[in-house]
Each structure stands twice: as structure tokens, then as C-alpha cells.
Amino acid sequence: MSGASGTPYAASVLRALLAAGESVDLVVSRASRLTLLDETGIAFRDAHWRDDLREWLTRGADGKPGAFDADLERVRYWPAGDLAAGPSSGSYPVKGMLIVPASTACVAGVALGLSKDLLQRAASVTLKERRPLVVAVRETPLGGQTLRHLVTLDDLGAVVVPTSPAFYAGATHIQDLVDFVAGRVLDAAGVEHRLYRRWEGELGGGGRTD
Ligand SMILES: Cc1cc2nc3c(=O)[nH]c(=O)nc-3n(C[C@H](O)[C@H](O)[C@H](O)COP(=O)(O)O)c2cc1C
């Protein structure tokens, strides 16, 4: 997670990864702690990350408690300043990396290979190892610099997923819009999920219930 608005997207992706039986290496950038605090009221602490993560993931996008009950044993948390952490090496076994949400600063850092923290280093490693990298960028409007950096990332093989929900999937709650974006992130990574109703080729089917 980098420091763009959009922590509900990250929560939805995390919940779905765990529901799909995946293990997760979690990195939360320094700036992302600010957005998390701003958007959820949770002050994410390295020393108590499991408690803070559980509290966060049990809430929906509306801030109300939900029914999340996943096993956090499959989450490994790495402080963003720890450049000796596992994900900073290509020999650390991971399938790929999702940056959700991705700030424009993070997009620039990854496009330029800055590796200024563990998040950016892990992204550079993901690219050099030719593993899937999904970048869920959150900014509007997008400036020329960021657009150029996004093209660079695309050229390098990353999948850029704008955090822009579609409205054909019959959303009735904010969480539905969040889950649509999270679902498209997981689609790009090839992870199975049931986060949104897929388009099936019929107009006017906003109420599809299958
Ligand atoms: C509350 C808050 C919301 C922010 N939202 C965004 C955003 O949506 N997109 C973005 O690119 N930067 C946003 N920023 C600015 C980034 O946090 C800032 O550029 C930071 O340096 C990103 O660092 P990181 O990429 O290492 O996480 C926001 C900052 C704050 C405090």
C-alpha cells in the first residue's frame, strides 16, 4: 500500500486474497499510514500490526463492522523501512505484487527504479524477475508526468488499473464500487474472486442476479 487515497480498495483486495487461500506479504508505506489514519481512524503500528490489521479488515467502506473472519496467520508484515526484508530480494518466493492504492509518487519511483523504500524496491524486484505487477493508481486529474510514468510501467510489463469503478455491475452501496475496482485488480493478477458481477453481454441487465 502506498500513500494515495483508497485504503478501502486495499482492504477489499486483502480480504479477497485471504479468502482465495493466498498468503500475503504486506508493506504499508509511511505515507500510507497517514491515509489509513485519515480514512479509517486506525493508527497502524509495526509492533501491533496484527491487531490493527484485524480491526481494519473487519470494517466495510462505510466504516461499519462487517463479517471478516480470515486467518491472519497467512499475512506476513514487513515495515516499509526494512530494506533487508524478504521481498527486497528476487530470491524471496512470491507470485507477484499488487500496489493498492498506488500514489503518483510511488508510480514515479517504480517507473524510475528509485527503490526509496521496501515497497518501491519490491516493485523493482518484481519487474526485474518478470513477475506480475499490478498498479492501482489513484489520482485525478492525471498529470503528464504521471501519464508518462504509467506508460513506462506498462512498457515494463506492469498492468495499470485505474481506481475507477464501472456502473454496469448493479452497485447499490459504496462497498460494491470498491469491490469492483478490487476485483479488477485481482483479475489482472489472475486471482479468483466473487467481488463483482461480470458483464455478460446484455444491455439493461443492471439487475443481473446470477
Ligand atoms: C490524506 C492524503 C491523501 C492523499 N491522496 C493521494 C492520492 O489520492 N494520490 C496520490 O498520488 N497522492 C496522494 N497523497 C500524497 C501522497 O501521500 C504523497 O505523495 C506521498 O509522498 C506518497 O508516498 P508513498 O508513495 O511513499 O506512499 C495523499 C496524501 C494524504 C495525506
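Our subject in this report is the structure included herewith. (Residues numbered from 1 in each chain as written. Predicted model: local features only at pLDDT ≥ 70, side-chain atom pairs only at ≥ 80, totals over all residues. Heavy atoms only, no water.)

**Some details on the overall build of the chain**
Then comes step 1: If you tally the helices and strands in the chain, you get 7 helices and 5 strands.
Then comes step 2: Each helix and strand of the chain, ordered N terminal to C terminal, gives the series α-β-α-α-β-β-α-α-β-α-β-α.
Then comes step 3: Against the compact-globule benchmark of 17 Å for 210 residues, the chain has a radius of gyration of 17 Å, which places it among compact chains.
Then comes step 4: Split into buried and exposed, the 210 residues of the chain put 46% on the buried side.
Then comes step 5: In the chain, once contacts between residues fewer than 6 apart in sequence are set aside, the share between residues at least 24 apart is 66%.
Then comes step 6: Summed over its atoms, the accessible surface of the chain is roughly 10900 Å², and 52% of this surface lies on carbon and sulfur atoms.
Then comes step 7: Here the chain contributes 23 positive and 25 negative side-chain charges, whose respective centroids are spaced 3 Å apart. (Helix = DSSP H or I, 4+ residues; strand = E, 2+ residues; numbered from the N terminus. Rg over C-alpha atoms; globule rule 2.2 N^0.38 Å. Buried < 20%, exposed > 50% of the residue type's maximum accessible area, 1.4 Å probe, protein only. Contact = heavy atoms within 4.5 Å. Areas by Shrake-Rupley, 256 points an atom, 1.4 Å probe, with all protein chains shown as cover. Lys, Arg positive; Asp, Glu negative; His and termini not counted. Charge placed at Lys NZ, Arg CZ, Asp CG, Glu CD.)

**Considering the environment of D176**
Then comes step 1: Residue placement: D176 occurs in helix α7 (residues 174–189).
Then comes step 2: On a C-alpha basis, the gap between D176 and L195 in space is 7.9 Å, while along the polypeptide they are 19 residues apart.

**Description of unusual backbone geometry**
Then comes step 1: Of note, the bond from V100 into P101 is cis; its omega dihedral lies within 30 degrees of zero at -10 degrees.
Then comes step 2: Mapping P101 onto the fold places it in strand β3 (residues 97–102).
Then comes step 3: Its identity as a non-glycine residue notwithstanding, S115 has a phi of 50 degrees, on the positive side.
Then comes step 4: Relative to the helices and strands, S115 resides in the loop between α4 (104–112) and α5 (118–128).

**A few points about the site of the ligand**
Then comes step 1: What surrounds the ligand is a group of 15 residues, the closest being G3, S29, S103, K116 and R138.
Then comes step 2: Across the complex, the protein chains shield 70% of the 640 Å² of accessible surface that the ligand would expose by itself.
Then comes step 3: Mapped onto the shell around the ligand, the elements with two or more residues apiece are α2 (30–40) and α4. (Near = heavy atom within 4 Å.)

**Description of the packing of helix α1 (residues 7–19) against α7**
Then comes step 1: Their axes nearest at 9 Å, the elements α1 and α7 cross at an angle of 60 degrees. Considering their axes alone, α1 and α7 lie oblique with respect to each other. For the crossing formed where α1 meets α7, the hand is right-handed. Together, P8, Y9, S12, V13, R15, A16 and L17 of α1 and Q175, V178, D179, V181, A182, V185 and L186 of α7 make up the contact between the two elements.
Then comes step 2: Its residues assigned to classes, the contact of α1 with α7 shows 10 nonpolar, 2 polar and 2 charged. (Axes fitted to C-alpha atoms, helices over the stretch in contact; angles between N-to-C directions. Parallel < 35°, antiparallel > 145°, perpendicular 65-115°, else oblique. Left-handed = near helix turned anticlockwise from the far one by under 90°. Nonpolar A, V, L, I, M, F, W, Y, C, P; charged D, E, K, R; others polar.)

**Quick look at the side chain of D179**
Then comes step 1: Relative to the helices and strands, D179 is located in helix α7.
Then comes step 2: Within the buried set, D179 has no salt-bridge partner at all; the shortest N-O distance to an opposite charge, 5.1 Å, is to R15.
Then comes step 3: Side chain to side chain, D179 and S12 meet in a polar contact 2.7 Å long.
Then comes step 4: Not counting the four nearest positions on each side in its chain, D179 is found in contact with S12, L195 and Y196. (Salt bridge = Lys/Arg side-chain N within 4 Å of Asp/Glu carboxyl O. Polar contact = N/O pair within 3.5 Å; in protein donor to acceptor, adjacent residues only side chain to side chain.)

**Observations concerning the layout of surface pockets**
Then comes step 1: Here the largest pocket defines a volume of roughly 730 Å³.
Then comes step 2: Lining the largest pocket are 32 residues; nearest its centre among them are L17, D25, G96, M97 and L98.
Then comes step 3: Listed by contribution, the elements that provide at least two residues to the lining of the largest pocket are α1, β1 (24–28), β3 and α5.
Then comes step 4: For the lining of the largest pocket, a count of residues per class yields 22 nonpolar, 5 polar and 5 charged. (1 Å grid on protein atoms, 1.4 Å probe; cavity = no way out; pocket = protein on both sides within 12 Å on 5 of 7 lines; lining within 4 Å. Points joined across faces, edges and corners; volume = space filled by probe spheres on them.)

**Examining α1**
Then comes step 1: Spanning 13 residues, α1 covers 18 Å between terminal C-alpha atoms, matching the ideal 18 Å at 1.5 Å per step.
Then comes step 2: Of all 13 residues making up α1, 11 are buried, and the element is well covered by its neighbours.
Then comes step 3: Turning to α1, its buried residues are T7, Y9, A10, A11, S12, V13, L14, R15, A16, L17 and L18.
Then comes step 4: Tucked inside the fold, the buried residues of α1 contact β1, α2, α3 (49–57), β2 (75–79), β3 and α7.
Then comes step 5: The first or second residue beyond α1 is G21, which carries a positive phi of 85 degrees. (Expected span 1.5 Å × (residues − 1).)

On their own, these measurements won't tell you what the molecule is for.
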